[in-house]
Amino acid sequence: MSNARSRIECVRGDLTLERVDAIVNAANEGLRGGGGVDGAIHRAAGPGLLAECIERYPGGCPTGEARITGGHDLAARYVIHAVGPVWRGGGEGEALMLASCFTNALAIAAESGLRTVAFPAISCGVYGYPHDEAARVSIAALVEGLESRPEIEARVVLFSEELLGVFADALG
Ligand code: AR6
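It should be emphasised that the depicted structure is a prediction, and the values quoted were computed from it without experimental measurement.

Caption draft 1: Examining the packing of helix α3 (residues 94-111) against helix α4 (residues 131-147) more closely. Where α3 meets α4, the closest approach of the two axes is 9 Å, and the angle between their N-to-C directions is 35 degrees. Like other packed secondary-structure pairs, α3 and α4 cross with a definite hand, here right-handed. Residues A95, L98, A99, F102, T103 and L106 of α3 lie in contact with α4, whose contacting residues are A134, V137, S138, A141, L142, G145 and L146. The class makeup of the residues in the contact of α3 with α4 is ten nonpolar, three polar and no charged.

Written out as structure tokens, the structure is:
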């Protein structure tokens, strides 16, 4: 399937269980683990993930950018750590930074020859992004990024029925 939108699937589930080439982490700038999906990924991947983050990315990762590591004990071969924006009302470039997470994660996946990538709802937890706006921005960035990369299929793995509904609506 070459149509970009048809290569995106929204599902309810646990991202850490995804059998894909890469799962994307909703990380923070330190890249040293944390709560939410970040904590779940580090627990499931084992201590080697933190060790690799420290060794390869001593300065962490700026908001809106992404960095790749191995998947360690995960079923996924790689983890792409993307740093979403903290929601501050929407007037501080949040949408651009959130879109960049998806764009940059797809660019890294393409450079690395990956074909299946699973994303969480970046910034939709601790970082407080309104879910409907996050879904719209995230899906639009995914569609745009996949248009030039017909080899990649993306999944968005949502932890709740509510978020699945919001993202499925944005996908249309
Ligand atoms: N699978 C899929 N989604 C999950 C899982 C899981 N196993 N666990 C949680 N979620 P959050 P953020 C959902 O807070 O808002 C961390 O401390 C969760 O329900 O993980 O980008 C980092 O270290 C929510 O819908 O990420 C950062 O400091 C979504 O994942 C900060 O939180 C994202 O929620 C990043 O905040």
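Read on, since the account is not over.
Caption draft 2: A look at the packing of aromatic side chains. Considering all chains together, one arrives at two aromatic pairs under this definition. Taking the centre distance of 5.0 Å and the plane angle of 25 degrees together, the rings of F102 and F119 count as stacked. Placement of F102 in helix α3 and of F119 in strand β5 (residues 116-119) is noted, with a sequence separation of 17 residues between them. Exposure class is identical for F102 and F119. Each is buried.

Caption draft 3: A look at the site of the ligand. Neighbouring the ligand are 22 residues, the closest being G35, V37, D38, S123 and G125. Take D38: an N or O atom from its side chain is 2.7 Å from an oxygen atom of the ligand. Considering the ligand on its own, with 710 Å² of exposed area, one finds that the protein chains cover 89% of that surface. With four residues, the top contributor of residues to the shell around the ligand is helix α1 (residues 36-45). Classifying every residue of the shell around the ligand gives twelve nonpolar, eight polar and two charged.

Caption draft 4: The arrangement of the packing of α1 against helix α2 (residues 47-56) in detail. Where α1 contacts α2, the axes come no closer than 5 Å and their chain directions differ by 110 degrees. When the axis of α1 is compared with that of α2, the two are roughly perpendicular. In this structure, α1 uses I41, H42 and A45 to contact α2, whose residues at the interface are P47, L49, L50 and C53. Looking at side-chain class alone, the contact of α1 with α2 contains six nonpolar, one polar and no charged residues.

Caption draft 5: Local environment of the sheet that holds β5. Read across the sheet, six strands follow the order β1-β6-β5-β2-β4-β3 without closing on themselves; strand pairing throughout is mixed. Both edges of this open sheet fall to β1 (8-12) and β3 (66-70), since each of them pairs with a single strand only. The mean inter-strand angle of the sheet, taken between neighbouring strand axes irrespective of direction, is 25 degrees. In the sheet, β5 pairs with strand β6 (residues 153-158) via four bridges, with the strands oriented parallel. Bridging from a neighbouring strand, F119 pairs with V156 of β6. With respect to the sheet, α4 is in contact with β1, β5 and β6, its orientation differing from that of β1 by roughly 140 degrees.

Definitions and cut-offs
- Residues numbered from 1 in each chain as written.
- Predicted model: local features only at pLDDT ≥ 70, side-chain atom pairs only at ≥ 80, totals over all residues.
- Heavy atoms only, no water.
- Axes fitted to C-alpha atoms, helices over the stretch in contact; angles between N-to-C directions.
- Helix = DSSP H or I, 4+ residues; strand = E, 2+ residues; numbered from the N terminus.
- Left-handed = near helix turned anticlockwise from the far one by under 90°.
- Contact = heavy atoms within 4.5 Å.
- Nonpolar A, V, L, I, M, F, W, Y, C, P; charged D, E, K, R; others polar.
- Phe/Tyr/Trp six-rings, centres within 6.5 Å; stacked < 30°, edge-to-face > 60°.
- Buried < 20%, exposed > 50% of the residue type's maximum accessible area, 1.4 Å probe, protein only.
- Near = heavy atom within 4 Å.
- Polar contact = N/O pair within 3.5 Å; in protein donor to acceptor, adjacent residues only side chain to side chain.
- Areas by Shrake-Rupley, 256 points an atom, 1.4 Å probe, with all protein chains shown as cover.
- Parallel < 35°, antiparallel > 145°, perpendicular 65-115°, else oblique.
- Pairing = 2+ DSSP bridges.

In short, the description is geometric, and any link to function would need to be established separately.
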